[in-house]
Amino acid sequence: MVGPAAQRGVTYLALLILVAVVSALLAASAQIISQAQQRDRERHLLWVGDQYRRAILEYAKFSAGVDTYPRELADLLEDKRQPGKRRPLRRLYFDPMTGSNDWGLVLNQQQRIIGVYSKSKLKPIRTHGFRAPYLHFRKSKTYADWVFTIGEVKPQPDADAPTAPAPEDAKLLPETPPAPPEDAKAAPEAPPAEPMSPEQPPPPPSEAPPPEPPPQEQNP
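My aim in this report is to walk through the structure given alongside it, one point at a time. (Residues numbered from 1 in each chain as written. Predicted model: local features only at pLDDT ≥ 70, side-chain atom pairs only at ≥ 80, totals over all residues. Heavy atoms only, no water.)

**Examining the packing of aromatic side chains**
Inference 1: Summed over the entire model, instances satisfying the criterion amount to ten aromatic pairs.
Inference 2: Between W47 and Y93 the ring centres are 5.3 Å apart and the planes differ by 85 degrees, which places this aromatic pair in the edge-to-face class. With a gap of 46 residues between them, W47 in helix 1 (residues 4-61) and Y93 in the loop between helix 1 and strand 1 (104-107) connect regions that are remote in the sequence.
Inference 3: The class of W47 is partly exposed, set by a relative accessible area of 39%.
Inference 4: The exposure class assigned to Y93 is buried, which follows from its relative accessible area of 4%.
Inference 5: Above the ring of F130, the side-chain terminus of R126 is found at 4.9 Å from the ring centroid. (Phe/Tyr/Trp six-rings, centres within 6.5 Å; stacked < 30°, edge-to-face > 60°. Helix = DSSP H or I, 4+ residues; strand = E, 2+ residues; numbered from the N terminus. Buried < 20%, exposed > 50% of the residue type's maximum accessible area, 1.4 Å probe, protein only. Lys NZ or Arg CZ within 6 Å of the ring centre and 35° of its normal.)

**As for the side chain of D95**
Inference 1: Tracing the backbone shows D95 in the loop between helix 1 and strand 1.
Inference 2: The side chain of D95 is buried and forms no salt bridge, while R41, the nearest opposite charge, is found at 8.2 Å.
Inference 3: Engagement of the side chain of D95 in a polar contact is seen with the side chain of T98, the distance being 3.1 Å.
Inference 4: Leaving out residues up to four positions away in the same chain, D95 has contacts with L45, S100, W103, S118 and K119. (Lys, Arg positive; Asp, Glu negative; His and termini not counted. Salt bridge = Lys/Arg side-chain N within 4 Å of Asp/Glu carboxyl O. Polar contact = N/O pair within 3.5 Å; in protein donor to acceptor, adjacent residues only side chain to side chain. Contact = heavy atoms within 4.5 Å.)

**Let's talk about the sheet that holds strand 3 (residues 147-149)**
Inference 1: Taking strand neighbours across the sheet as the criterion, the three strands line up as 1-2-3 in an open arrangement whose pairing is antiparallel. Looking at which strands have only one partner, the edges of the open sheet turn out to be strand 1 and strand 3. For this sheet the average axis-to-axis angle between neighbouring strands, irrespective of direction, equals 25 degrees.
Inference 2: Examined bridge by bridge, strand 1 and strand 2 (residues 113-117) share four bridges and lie antiparallel to one another. Considered in strand 2, the bridge of L107 is made with I113. (Pairing = 2+ DSSP bridges. Axes fitted to C-alpha atoms, helices over the stretch in contact; angles between N-to-C directions.)

**Describing the environment of G151**
Inference 1: Here G151 shows up in the segment after strand 3.
Inference 2: Separated by 98 residues in the primary sequence, G151 and R53 have C-alpha atoms spaced 9.7 Å apart.

**A few points about the pairing of strand 1**
Inference 1: Alternating residues of strand 1 divide into G104 and V106, all buried, and L105 and L107, none buried.
Inference 2: Hairpin remark: strand 1 followed by strand 2, antiparallel, with five residues in the connecting loop; positive phi at Q111, about 60 degrees.

**Looking at the layout of surface pockets**
In this approach, a probe sized like a water molecule rolls over the atoms, and the result shows the empty space that is left.
Inference 1: Considering only enclosed or pocket space, the second largest pocket measures out at about 170 Å³ in volume.
Inference 2: Surrounding the second largest pocket, L46, D50, R53, R54, R126, G129, F130, R131, A132, P133 and Y134 form its lining.
Inference 3: Of the residues that constitute the lining of the second largest pocket, the class distribution is five nonpolar, one polar and five charged. (1 Å grid on protein atoms, 1.4 Å probe; cavity = no way out; pocket = protein on both sides within 12 Å on 5 of 7 lines; lining within 4 Å. Points joined across faces, edges and corners; volume = space filled by probe spheres on them. Nonpolar A, V, L, I, M, F, W, Y, C, P; charged D, E, K, R; others polar.)

**Focus: a nonpolar patch on the surface**
Inference 1: On the surface, a nonpolar cluster with roughly 620 Å² of combined accessible area is contributed by Y12, L13, L16, I17, V21 and L25.
Inference 2: The residue L25 is located in helix 1 in this model. (Patch = residues over 30% accessible without salt bridge, like charges linked within 9 Å, V, L, I, M, F, W, Y side chains within 5 Å. Areas by Shrake-Rupley, 256 points an atom, 1.4 Å probe, with all protein chains shown as cover.)

**Some remarks on the pairing of strand 2**
Inference 1: In terms of burial, strand 2 is largely enclosed, as four of its five residues are buried.
Inference 2: The pairing of strand 2 with strand 3 spans three bridges and is classified as antiparallel. Bridge pairing in strand 3 places G115 opposite T149.

**Points about the side chain of R86**
Inference 1: Relative to the helices and strands, R86 is located in the loop between helix 1 and strand 1.
Inference 2: Looking at R86, its side chain comes within polar contact range of the side chain of E58, at 3.3 Å.
Inference 3: Look past the residues within four positions of R86 in its chain and what remains in contact with it is E58, F62, L77, E78 and D79.

**Points about the environment of L45**
Inference 1: Its location among the elements puts L45 in helix 1.
Inference 2: A relative accessible area of 0% places L45 in the buried class.
Inference 3: Considered as a pair, L45 and P96 are 51 residues apart in the sequence and their alpha carbons are 5.7 Å apart.
Inference 4: The residues contacting L45, other than those within four sequence positions of it, are D95, P96, M97, W103, S118, Y143, W146 and F148.

Next comes the structure, spelled out in structure tokens:
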């Protein structure tokens, strides 16, 4: 028979195992929930950033050559440059990743706003499935690289990426001989030989004059 002390030890060990399993499940569940929330914020960031980009485009569309782009994001709420109310943006949206309205601004040479981006330094979960004009998001290292601008943003090449070596069995192509100089003139082609005309028949022989009669002998 197993004594009470041994039973208590087995029960205590079972409780420790149960607590460890439950803790692992809770940690895994928390990570899954955190990733799900982050993915939801990513989708919200894509939508909000696109709203700002579209509003800047609409603001520039009706610029009439003056003040093409807004000085601040609040200018997108009501366009006062022309008579009549125009609201390119319904309201100022907060940054889903930071929870604040402190957006990073993309400025042109005239210090006007042409785009926005999040200031979050978190690493994105989403790395594919982007559409134009956001294809450059695929190689982003942080959410700050998700730039929503009216201009095209080209991703910088990864300098740390190793270069694939050439295969050992690669064959070098023979060098192409240099082209002749441009001032070299080709020799003129010989004119084609004229076709030989068929031989003409020789002219008919002319009639010989009749022979003169012999002189007649005179009788003495």
